[in-house]
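# Remarks on the overall topology
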Amino acid sequence: MSFSITSRQDDIQQLKTKELDLLIVGGGITGAGVALQASVAGMQTGLIDMQDFGGGTSSRSTRLVHGGIRYLKTFDVEVVSDTVKERAVVQHIAPHMTQPDPMLLPIYDEPGTTFSMFSVKVAMDLYDRLAGVDKNPSLQKYSNYVLTKAQVLEREPQLNPDKLVGAGIYLDYQNNDSRLVVENIKRAHAAGGLMVSRIKAIGALHDKFGDINGMHVQDVLTGEKFDIHAKLVINTSGPWSDEVRHLDQAADPDSHMRPTKGVHLVVDQSRLKVPNPTYFGSGTNDGRMIFTIPREGKTYFGTTDTDFEGDYENPQVDQKDVDYLLAIINKKYPTAHLTIDDVEASWAGIRPLVRNDAPADADNDAVTGASAAASLQPSAVSRGSSLVTAADGMITLAGGKLTDYRLMANGALKQIRQTLRDEYLEDFKAVDSAEIKVSGGDFDADNVEAAMDDFTKQGVAKGLTEDEAREIATLYGSNAPAIFAQADQVTAAPGLSLAETLSLHYSMTEEMALTPVDYLLRRTYNVLFHNEAIDQVKVGVIDEMARVYGWDTTTKARYTAEIDHEIESSRLIDLKLQAPVSAK
């Protein structure tokens, strides 16, 4: 079954004519997780998003499935235990994109430091035990250890040596956030779900009793408006949670969300080279922790955490964000001397934090982790999730972290099954979501390297270079062999390699990539980590998508302007033009 612009039309027709069991509004990681579990459980499920899948927060994270070792300093053992266990589950169900990447935690002898050399070893030992590192043969090679100051500087010579006493190395995982979304969506669609991007909810529908029974929506691509009817509606729209709630006249008119902005900057490894992801306090007394992470020949670092009231669809990196991060990085890596001109790419994302004073529904696990007043600094606001039902039945699932998305979906599905049983006499059995592999994850998660090697060899046998074949294997996992199989039927598109052409065609026919931005920013990381090639690759991608989709001159020009704007924004062109000469 394809998942393409053609299947989109079929799915829309079904959304118009069927009464769904569940309609999900919001196609980020939270909605994708709910969609997968509901579809596999046999519910007639629909999901809509006004943008591309994962077009908001879920493509703008730090791209880690992070265990949260710092919480052990305050003895939050239960929180860390839950997090590392869930991290292992995500690695099991999405092994091609959730991969071990040991973290370096430098220890400094200075006021406010998170750990000493003694306490970090205690914390790491407990962390490994909670994560089951000692019991899993495939993870034992990632057991924690400590480094002396000399060993740290030998490994990461650009680190500031002043007051450095050593470091800890412990297991953490990198992740591809936007692809985790689309792989959940693809598997949900394969299980019978109706997954449609670029459909915007513009009003709530109610039955004669005043209960919500669907949404009035608009197709962003065509302008057409129509109704979708469903027994239950769940709002999983992240930063837009309040906006979607307020489409419903029965909703609490107050704001339940406190969105904050997080920014990351990308530089070439020739300017800042780190061998491992590195994790340290900001040193600014704001409670933030900073990551520097190597990826695809680049190093990216972040993040900021500031209250945000701007355009959720297009959050921008501003000069204050850049100044904040460069000041911290240049202090921690004093020989780097990074300036804004070193920034090759960037991204800004909006965290959908639930206000600590938001209303709670005692029956629905509302606002987990809320423990302080709304006046807290952004970095101190709870990262907990909230599951609340309005008087007319609209469910809102908000907050949380990427690592927790499956658990959040579990909680929502438990309530949804109960409501369908009680009110509609429909009985859907619980599914073991810890065993539902996302699309591309159908191989042994304990032997990822062997699987990647095997997939890579299949690509090389079809004429791809080893690097090209491995990149496709890493992006698409167990779907890679099907992509390689097309090499005999596909000719490299003008301006593109055969590998890029195969990847693009697959994303159009099986991943609902409808625009160049969809493909170059979210299905792949061309915009973020391939700065030296993006200007050439984008031309070939635009031309090939225009050919396949039959775009006219006006449509092609519009999508060209859209990707050009995305690249310029990522490169911070406007800020660089405004920067004083001394900063260049």
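Because the structure is a prediction, the values reported are computed rather than measured.

With that settled, consider the overall build of the protein chain. What the protein chain contains, in helices and strands, is 18 helices and 20 strands. Its C-alpha radius of gyration of 23 Å places the protein chain within 12% of the 25 Å reference for a compact globule of 584 residues. Dimensions of the protein chain along its principal axes, counting C-alpha atoms only, are 70 × 60 × 55 Å. Taking as baseline every contact in the protein chain between residues at least 6 positions apart, the subset at least 24 positions apart corresponds to 71%. Within the structure as shown, the protein chain displays about 23,400 Å² of accessible surface, and the carbon and sulfur contribution to it stands at 51%. Of the side-chain charges in the protein chain, 57 are positive and 83 negative, and the distance between the mean point of each set is 3 Å.

Turning our attention to the pairing of strand S20 (residues 395-399). Most of S20 sits inside the fold, with five of its five residues counted as buried. Across two bridges, strand S12 (residues 225-235) lies against S20 in parallel orientation. Bridging from a neighbouring strand, Asn235 pairs with Thr396 of S20. A loop of five residues connects strand S19 (residues 385-389) with S20, the two strands running antiparallel in sequence, and Gly393 in this loop sits at a positive phi of about 105°.

Applying the stated criterion across every chain, the model contains 37 salt bridges. Here Lys186 makes a salt bridge to Glu511, at a shortest N to O gap of 2.8 Å. Here Glu511 lies in the loop between helix H13 (498-510) and helix H14 (516-523) and Lys186 lies in helix H6 (residues 177-190), a separation of 325 residues in the sequence. Taking relative accessible area as the criterion, Lys186 reaches 7% and is therefore assigned buried. Classification of Glu511 by relative accessible area gives buried; the value is 0%. Connected through shared salt-bridge partners, Asp52, Arg198, Asp518, Arg522 and Arg523 make up one network.

Of note, the bond from Gly302 into Thr303 is cis; its omega dihedral lies within 30 degrees of zero at 20°. When you line up the elements, Thr303 lands in the loop between strand S16 (298-302) and strand S17 (306-307). Of note in this structure, Glu296 is not a glycine but carries a positive phi near 50°. Checked against the element boundaries, Glu296 lands in the loop between strand S15 (289-295) and S16. We classify Glu296 as partly exposed; its relative accessible area is 41%. One non-glycine residue, Leu425, lies in the positive phi region at around 55°. A residue is classified by how much of its surface remains accessible, and Leu425, at 75% relative accessible area, is exposed.

A word on the pairing of strand S10 (residues 199-206). Each regular strand carries side chains that alternate between the two faces of the sheet. Note: S10 against strand S11 (residues 212-219), seven bridges, orientation antiparallel. Bridge assignment links Ala204 to a residue of S11, and that residue is Met215. With antiparallel pairing between neighbouring strands as the criterion, S10 and S11 make up a hairpin whose turn holds five residues, including Gly210 at a positive phi of roughly 90°.

With 13 residues, helix H1 (residues 5-17) extends 19 Å from end C-alpha to end C-alpha; this agrees with the ideal 18 Å at 1.5 Å per step. Among the residues making up H1, those that are buried are Ser7, Arg8, Asp11, Ile12 and Leu15. The arc that holds every buried residue of H1, seen down its axis, measures 145°, which confines them to one face. Among the exposed residues of H1, those oriented more than 90 degrees off its buried face are Thr6 and Thr17.

Quick notes on the rules
Residues numbered from 1 in each chain as written. Predicted model: local features only at pLDDT ≥ 70, side-chain atom pairs only at ≥ 80, totals over all residues. Heavy atoms only, no water. Helix = DSSP H or I, 4+ residues; strand = E, 2+ residues; numbered from the N terminus. Rg over C-alpha atoms; globule rule 2.2 N^0.38 Å. Contact = heavy atoms within 4.5 Å. Areas by Shrake-Rupley, 256 points an atom, 1.4 Å probe, with all protein chains shown as cover. Lys, Arg positive; Asp, Glu negative; His and termini not counted. Charge placed at Lys NZ, Arg CZ, Asp CG, Glu CD. Buried < 20%, exposed > 50% of the residue type's maximum accessible area, 1.4 Å probe, protein only. Pairing = 2+ DSSP bridges. Salt bridge = Lys/Arg side-chain N within 4 Å of Asp/Glu carboxyl O. Expected span 1.5 Å × (residues − 1). Arc of directions from axis to C-beta.

Just distances and angles here, no functional claims.
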